[in-house]
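Per-entry structural report
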Amino acid sequence: MTVQGLPMVVPSEDLPPRVRIHEVGPRDGLQNEQRTVPTEVKAEFIRRLAAAGLTTIEATSFVHPKWVPQLADAEQLYPMVGDLQVALPVLVPNERGLDRALALGARRVAVFASVTESFAKANLNRTVDEALAMFEPVVAHAKDRKLHVRGYLSMCFGDPWEGPVPIHQVVRVSKALMDMGCDELSLGDTIGVATPGHVQDLLSELNEEGVPTSALGVHFHDTYGQALANTLAALQHGVTTVDASAGGLGGCPYAKSATGNLATEDLVWMLQGLGIDTGVDLGRLTATSVWMAAHLDRPSPSRTVRALSHKE
Ligand code: HMG
Ligand code: MG
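Predicted model only: the values in this text are computed from it and were never measured. (Residues numbered from 1 in each chain as written. Chains lettered and ligands numbered in written order. Predicted model: local features only at pLDDT ≥ 70, side-chain atom pairs only at ≥ 80, totals over all residues. Heavy atoms only, no water.)

1. Here we look at the overall build of the protein chain
Formally: Helix and strand definitions follow DSSP, with helices as H or I runs of at least four residues and strands as E runs of at least two, each counted in order from the N terminus. The size measure is the radius of gyration over C-alpha atoms, and the globule rule it meets is 2.2 Å times the number of residues to the 0.38 power. For each residue, the accessible area found with a 1.4 Å probe, counting protein chains only, is set against the maximum for its type, and the residue is called buried under 20%, exposed over 50%, and partly exposed in between. In this description, contact between two residues means that some pair of their heavy atoms is separated by no more than 4.5 Å. Only the protein chains shown count as covering a residue, and every accessible area follows the Shrake-Rupley method with a 1.4 Å probe. Only four residue types enter the charge count, namely Lys and Arg as positive and Asp and Glu as negative; His and the chain termini do not. Taken as the charge centre is NZ of Lys, CZ of Arg, CG of Asp or CD of Glu, depending on the residue.
Scanning the protein chain from N- to C-terminus turns up 12 helices and 13 strands. Taking 2.2 N^0.38 as the reference for a compact globule, 312 residues should give roughly 20 Å; the C-alpha atoms of the protein chain span a radius of gyration of 18 Å, in line with that estimate. Projected onto its principal axes, the C-alpha coordinates of the protein chain cover approximately 55 × 45 × 35 Å. Here the protein chain holds 312 residues, and 55% of them are scored as buried. Residue pairs in contact within the protein chain that sit at least 24 positions apart in sequence constitute 76% of those at least 6 positions apart. Summed over its atoms, the accessible surface of the protein chain is roughly 13,300 Å², and 51% of this surface lies on carbon and sulfur atoms. Distance from the positive charge centre (26 side chains) to the negative charge centre (36 side chains) of the protein chain: 7 Å.

2. Describing the site of ligand 1
Quick note on the threshold: Whether a residue is near a molecule or strand is decided by its heavy atoms; if any one of them lies within 4 Å of it, the residue is near. Pairs of N or O atoms are called polar contacts if they sit within 3.5 Å, as long as, within protein, a hydrogen donor faces a hydrogen acceptor (for residues adjacent in sequence, only side-chain-to-side-chain pairs). When residues are sorted by character, Ala, Val, Leu, Ile, Met, Phe, Trp, Tyr, Cys and Pro go into the nonpolar class, Asp, Glu, Lys and Arg into the charged class, and all the rest, Gly among them, into the polar class.
Around ligand 1, the surrounding shell holds 25 residues, and the nearest of these are Q31, H64, N94, N123 and T190. Backbone polar atom of G97 to a nitrogen atom of ligand 1: 3.4 Å apart, as the coordinates give it. Within the side chain of R126, one N or O atom sits 2.8 Å away from an oxygen atom of ligand 1. Computed on the free molecule, ligand 1 has an accessible area of 1,100 Å², of which 74% lies beneath the protein chains in the complex. Looking at the shell around ligand 1, the elements with two or more residues in it are α1 (25-31), α4 (95-103), α5 (117-124) and β8 (148-154). Here the residues of the shell around ligand 1 sort into nine nonpolar, 11 polar and five charged.

3. Looking at the environment of V41
Its location among the elements puts V41 in helix α2 (residues 39-51). With a relative accessible area of 12%, V41 lands in the buried category. Those residues within four positions of V41 in sequence are excluded, and the remaining contacts are W291, M292 and H295.

4. Examining the pairing of strand β13 (residues 241-244)
Each regular strand carries side chains that alternate between the two faces of the sheet. Our working rule: A strand pair is defined by DSSP finding two or more bridges across the two strands.
The alternating pattern of β13 places T241 and D243 on one face and V242 and A244 on the opposite face, and all of these are buried. When strand β3 (residues 20-23) meets β13, the two strands line up parallel, connected through four bridges. Across the sheet, residue E23 finds its bridge partner in β13, namely A244. Summarising the sheet, strand β12 (residues 216-220) and β13 pair through three bridges and their orientation is parallel. Looking at β13, one finds that G217 is bridged to T241.

5. What about the coordination of the magnesium ion (ligand 2)?
To keep things clear, this is the line we draw: Metal sites are built from N, O and S donor atoms within 2.8 Å, or 3.2 Å for Na, K and Ca, and they leave out water, so they may look incomplete.
The protein atoms that coordinate the magnesium ion (ligand 2) are D28 (OD), H219 (NE2) and H221 (NE2), at distances spanning 1.9 to 2.3 Å. As a motif over one chain, the donors of the magnesium ion (ligand 2) read D-x190-H-x1-H. Of this pair, D28 sits in helix α1 while H221 sits in the loop between β12 and α9 (227-236), placing them 193 residues apart in sequence. Under the relative-accessibility criterion, D28 is labelled buried at 5%. The class of H221 is buried, set by a relative accessible area of 3%.

The following block contains the structure:
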């Protein structure tokens, strides 16, 4: 039962009162779309997301353009949105990437580790330890400049080549990134195989090993329809930073069946129903995803976008 496209609010006392949504559509979403979106459309997308109330919008990546051609326009895009009064984190794999981001005045950067050897090789052309060694000076220089640094971890639950991923591998890379000086971590279920008990086990283990929940964000993909259940498990554990992608954009180039990230609209619908504040206007956000779907020439996979934009 909905009232004007909003869920009925039934708060739960066990959950955090507020959640910060880390919007990854312009970066994680568009990097995995087959169609490369014009720079002006990307800038308009980011502006519309900010106008819908999102306060952290991952804008682009300063990676090698041959590795991710969809984001090769980072130098053109970033200045087009730099005036927005929202946090605009960018991905930087190495010092070259950090220099490019600093030259444009970026204040928030993210390094992105893999917890499996196969994905480290495929994504960064490095072993896990070589990649960590590559990030060390990046994080040190970024912290010298007082930047906020996020550390991503990919394949935290399963890997397309290696299968289920032991929790100790995630713990090891998490501790390494925290020791380097990362301000927060994002635990990525890159191919979307996690289930809620696994999420709770991983979070508990990280806490026991000294990584506090306040430093942890979650990053779920919805391949097996578990992204919201996994998010709820993380919220019950006290996590208050959740990554999501407007309209459920994206996928994973290494797993053909993997769908995009958890759709921001699906997340907002659940959080609003639970009485959790996000600051997001669901109607404006949905309209933005419908607009972007037209540019990508494919409908949004988000159930909430489909339901709210459905016309009789
Ligand atoms: P490499 O080929 O080993 O690079 O790639 P290299 O260090 O040997 O350098 C080779 C050339 O690249 C050099 O140029 C460098 O200057 C240049 P040359 O001297 O030959 O003319 N180069 C660069 N150019 C521009 N910007 C740079 C840069 N770095 C080197 N930053 C590298 C290593 C890390 C560069 C490459 O593997 C890369 O760019 N990888 C990025 C892959 C990527 O962006 N993947 C997607 C993000 S991760 C993700 O999506 C998962 C996440 O969403 C969480 C989840 O879902 O789980 C975060
Ligand atoms: Mg992702």
